Every structure is written in C-alpha cells, then in structure tokens.
Amino acid sequence: MSINQSKILITGGAGFLGSHLTERLLREGNDVLVVDNFFTGNKQNLAHLMGNPNLEIMRHDVTFPLYVEVNQIYNLACPASPVHYQYDPVQTTKTSVHGVINMLGLAKRTRARILQASTSEVYGDPEVHPQPEGYWGRVNPIGIRSCYDEGKRCAETLFFAANTINLLDRQVLGILASDLQKKIGWNEIQYGYIVSAFQLSYAIGMAVVGRILDSIGTRLGYTLTILLWSLASMAHAFVGTPMGFGLARVFLGLSESGNFPAAIKATSEWFPAHERSIVAGIINAGSNMGVIVAALLVPFLTIQFGWQATIS
Ligand SMILES: NC(=O)c1ccc[n+]([C@@H]2O[C@H](COP(=O)([O-])OP(=O)(O)OC[C@H]3O[C@@H](n4cnc5c(N)ncnc54)[C@H](O)[C@@H]3O)[C@@H](O)[C@H]2O)c1
C-alpha cells in the first residue's frame, strides 16, 4: 500500500451491496478491508476479487470492537431482508446499535470518514409518500420489522449525536492532531489521555460551575468564563510537551464548562419568556456552525499564521 492510498473498511462487504462496492473501490485503486460475519453474505460474492493484493477479508462481528487503521469506513453490516433480520431480532438490533457505536468509535480514533447505510424503513409504515427528510415516521416498536427499523433509527440518532457533540475548539485539536503529533511528539496513548483530559475536566466543571454562577451572578460569571476560556486557549500555544498540552486541555475543559450554564442563565434573565426558545436555538445553532467553520478555517489559519496562533 502506498502512503497516499486510501485504506477503506467495508463492514458487510461480503453482502449484496458490499461486494459490488468492494469491486468498485478496488477498481479505483484503493486498499480495501472487508469485515463480515458471513451471516447473509458469502465469500463467493468476493471470489473473483480474491487475487487482488489490495483486498483483505476478515471474519468479524461488528457488535464487537474492532481495532484497525483506516481512513474511510462504509458501514453496511446488517441483514437487509425480513427473513434474515427476523431470524434473530436481538442480534439484528445489536448489529445496528452496538455495531454503529463500535464503528463511530473507530472513526473517531482513526479520524476516518464514515458512511452509514440507513434505510427508508426508518419511517416505519409511513402515511406520506415519498417521505421528506422532515417526516418523523410512523413506527411500531413491537412490530415484526421493529428490530430492523428501530435499530436503524437508533443508528441515525447515534450518527447525529456524534456529529453535534464535537464543538469548535474540540474540532481544532482533531484537525491539527496529526501536525501537532509531529511537533509535540505525543504517541497514540498520550493523545487518548489528552482528549480524555478535556472531556473529564469539562464534565467536572459542569457539575460545579452552575453553583458558582448562581452565587456571583450572570454578568460577572459570563465575563470570567470568557476570560478564563481565552487564557486557556492561549495556553496551548506555550506548551511543548504532551503533559503541558494535557494540562492546557484540562484548563480549557474547566473554563468552557461555564459557557452553557452562563448562556442559559443569561437567556432566562435578559429575554422575555416568549423569545427564550429562539435564543436557545440560536445559541445551539452557533455551536454547531462552529464545527463547519472550523473545518474550513483551521487549515487556512494554520498555513497563514502557524498552529500556535490558530489554536489560541
Ligand atoms: N439492499 C437494499 O435494497 C437496501 C435498502 C436499504 C438499505 N440497505 C442497507 O444496506 C446494507 C447492505 O444491504 P444488502 O442488501 O447488501 O444486505 P446483505 O444482507 O446482502 O448484506 C449485509 C452484510 O452484512 C453482514 N453482516 C450482518 N450482520 C453482521 C455483523 N453483526 N457483523 C458483520 N457483518 C454482518 C452480512 O453477512 C452481509 O454480508 C444494510 O445495512 C441494509 O440495511 C439495503
């Protein structure tokens, strides 16, 4: 495999769609890893590709964690026809739910792009045809198709949640990670600690910061939050070791935890009741826009001004 070649994981790659996708991606010169438990898929579907040195096939059930290095993931694993998914409804649900949790975890660790094969069955037995994206469906949690429908719905929820919880400054680290790894010299385990340092301090901060805001008031509380958060962001530019970077993340997590409680308190104090939902919506929309803006802005700022200026 050359250094620029994409390493692509296809779960359920021995199935109907997966085997055709495997063929196409190999033809385009990619390195493809097929992972399948061969419940409905078959090695025969891939037999004509087995001589290709860029193809690797692994027997594995996606409901168990998978540790491989990839840049793209196509998550197709799931029996698709009623006779197969009803054979073992619990396993079908686990394939969609545990399987997606495992694949999202893998995508997060390897920073891979991921595609989920969903289905129109998430709308259940719909009253509207065709179904627009805004239609929520008419599903039955105990019907004969529910193991498939509800599993796929939960998979969509997991994808949505994984997308939205990564806010702006967390994105910056993700985007700069490979560059910073060379400059600061952390290994995979240390990087894991650095990411966890932020999450843990953010969670601890959330638990105590509301009480502090209630006692010192919104105006002073919000000002201090922004001041400390800005100092924490700048601190990243002055550290040169994995330990220093981890401490900067702890500082950032603690200071950032003040943001949401302060924003909610400010909304309830400064806006009349009939406008609070709009304000809450704008606050959340702003956070999510940050994810998009970060992806566009961070590489540009890094090239123009260097990583220290960008991260701070
Ligand atoms: N075929 C369609 O018309 C259609 C329509 C909508 C959505 N989809 C979705 O596309 C995907 C592929 O569909 P398909 O028609 O190729 O189905 P398929 O049954 O031919 O392929 C599914 C593959 O997943 C594998 N698999 C099942 N459970 C697994 C597990 N726990 N771990 C690892 N591998 C597992 C099977 O062995 C099989 O190879 C499915 O997720 C399905 O829900 C298909």
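Residues numbered from 1 in each chain as written. Predicted model: local features only at pLDDT ≥ 70, side-chain atom pairs only at ≥ 80, totals over all residues.

1. Observations concerning the site of the ligand
- Near the ligand there are 25 residues, and of these Gly12, Gly15, Leu17, Gly41 and Ala80 occur at the shortest range.
- Residue assignment for the shell around the ligand shows that the elements contributing at least two residues are helix H1 (16-27) and helix H3 (89-110).
- Here the shell around the ligand gets three residues from one element, more than from any other, and that element is H1.
- The class makeup of the residues in the shell around the ligand is 12 nonpolar, 11 polar and two charged. (Near = placed C-beta within 6 Å. Helix = DSSP H or I, 4+ residues; strand = E, 2+ residues; numbered from the N terminus. Nonpolar A, V, L, I, M, F, W, Y, C, P; charged D, E, K, R; others polar.)

2. Some thoughts on helix H9 (residues 259-270)
- Along its 12 residues, H9 runs 16 Å from first to last C-alpha, staying within 8% of the 16 Å computed at 1.5 Å per residue.
- Along H9, the positions that sit buried rather than exposed are Asn259, Pro261 and Ala262. With its buried residues spanning 165° around the axis, H9 presents them on a single face.
- Against the buried residues of H9 lie helix H6 (188-216), helix H7 (218-235) and helix H8 (242-256). (Expected span 1.5 Å × (residues − 1). Buried ≥ 20, exposed ≤ 12 C-beta atoms within 10 Å, placed from the backbone. Arc of directions from axis to C-beta. Contact = placed C-beta atoms within 7 Å.)

3. Details of the sheet that holds strand S1 (residues 7-11)
- Ordered in space as S3-S2-S1-S4-S5, the five strands form an open sheet in which the pairing is parallel. Every interior strand has two partners, whereas the edge strands, strand S3 (55-59) and strand S5 (113-116), have only one. For this sheet the average axis-to-axis angle between neighbouring strands, irrespective of direction, equals 15°.
- Alignment of S1 against strand S4 (residues 72-75), held across four bridges, turns out to be parallel. Across the sheet, the residue bridging to isoleucine 8 is glutamine 72, located in S4.
- Sitting on the sheet, H1 touches S1, strand S2 (31-36), S3 and S4, and the angle it makes with S2 is about 165°.
- Strand contacts of H3: S1, S4 and S5, with the helix running at about 170° to S4, the strand carrying the most contacts. (Pairing = 2+ DSSP bridges. Axes fitted to C-alpha atoms, helices over the stretch in contact; angles between N-to-C directions.)

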